[in-house]
Amino acid sequence: MQQIPGSIQECYLRESAADRLLQAAENLPEGFFFHIFDAWRPYEVQSALYQDFKMKLEEKGLSGKHLLETLNKYVNKPSRDSNRPSNHLTGGAVDLTIATDNGLLPMGTDFDDFSEASKTDTYEKLENPTKSEILYRNNRALLKEIMENAGFMNYEEEWWHFDYGNQNWAARTGNIAFYGGIHSIEQA
Ligand SMILES: C[C@@H](N)C(=O)N[C@H](C)C(=O)O
Ligand SMILES: [Zn+2]
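- An unreviewed UniProt entry lists the chain under the name D-alanyl-D-alanine dipeptidase, with Oceanobacillus luteolus given as the organism.
- According to the UniProt record, the Function (unreviewed entry) comment for the chain reads "Catalyzes hydrolysis of the D-alanyl-D-alanine dipeptide."
- Per UniProt, the chain carries the Catalytic activity (unreviewed entry) text "D-alanyl-D-alanine + H2O = 2 D-alanine".

### Considering the site of ligand 1
Okay, so step 1: The local shell around ligand 1 holds 15 residues, among which R41, N76, N87, H88 and D112 are the closest.
Okay, so step 2: At 2.9 Å from an oxygen atom of ligand 1 is found a side-chain nitrogen or oxygen belonging to N87.
Okay, so step 3: Measuring from an oxygen atom of ligand 1, one finds a side-chain N or O atom of H88 at 3.0 Å.
Okay, so step 4: Its free accessible area being 310 Å², ligand 1 has 98% of it covered by the protein chains.

### Overview of the pairing of strand 2 (residues 93-100)
Okay, so step 1: The buried fraction of strand 2 amounts to eight of the eight residues, a majority that puts the element mostly inside the structure.
Okay, so step 2: Both faces of strand 2 are covered, namely the face carrying A93, D95, T97 and A99 and the face carrying V94, L96, I98 and T100.
Okay, so step 3: Sheet analysis places strand 1 (residues 33-38) next to strand 2, joined by five bridges and oriented antiparallel. Looking at strand 2, one finds that F34 is bridged to I98.

Reading guide: rules and limits
- Residues numbered from 1 in each chain as written.
- Chains lettered and ligands numbered in written order.
- Predicted model: local features only at pLDDT ≥ 70, side-chain atom pairs only at ≥ 80, totals over all residues.
- Heavy atoms only, no water.
- UniProt positions renumbered as here; feature names shortened; annotations may be inferred.
- Near = heavy atom within 4 Å.
- Polar contact = N/O pair within 3.5 Å; in protein donor to acceptor, adjacent residues only side chain to side chain.
- Areas by Shrake-Rupley, 256 points an atom, 1.4 Å probe, with all protein chains shown as cover.
- Buried < 20%, exposed > 50% of the residue type's maximum accessible area, 1.4 Å probe, protein only.
- Helix = DSSP H or I, 4+ residues; strand = E, 2+ residues; numbered from the N terminus.
- Pairing = 2+ DSSP bridges.

Spelled out as structure tokens, the structure:
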């Protein structure tokens with residue numbers, strides 16, 4: 001993320017989301033820990049990610065409705081609107097995986113692989129999964145279970161993305177969102 005203008009090296013979350021993440025980490029099996037890819041994002045970074053993916057889709061020949069659907073599925077539209085701030089602008093979204101001393105657990109795709117294979121339940125639906133596919137399925141299920149038990153909700157299109165307290169979380173849990181957008185760390 002360092003090459004993106006406005007990006008920061010530290011990962012920030014709202015205090016109550018961070019507390020829940022700590023609780024989730026404590027429930028990981030012995031020898032497992034979280035590897036965090038991304039958490040709070042400034043608007044400029046969300047915009048840069050959005051524009052970058054849009055360009056990649058255009059290069060692939062996508063346009064119109066199909067382009068917009070694909071774009072908005074994998075990168076939330078940059079928004080400072082207090083009624084609908086982008087997920088990561090709220091400090092209530094985190095992108096993460098599980099690791100051991102040997103590295104990241106295999107999940108079947110890389111982080112930010114914007115394809116169908118990143119759908120969390122991809123490996124649940126296979127009739128005759130291979131050994132590797134069973135491993136991916138179990139690793140994704142472990143991440144989802146640990147995070148959801150701590151109060152987060154997974155975004156079904158991305159096995160690595162979890163929300164708490166924001167609009168995405170509210171839409172999936174039937175609760176009311178209580179985190180708005182944070183525009184700068186100084187403001188938080
Ligand atoms: C860009 C990707 N890591 C991500 O976080 N996607 C979701 C949908 C988002 O931008 O909120
Ligand atoms: Zn995310």
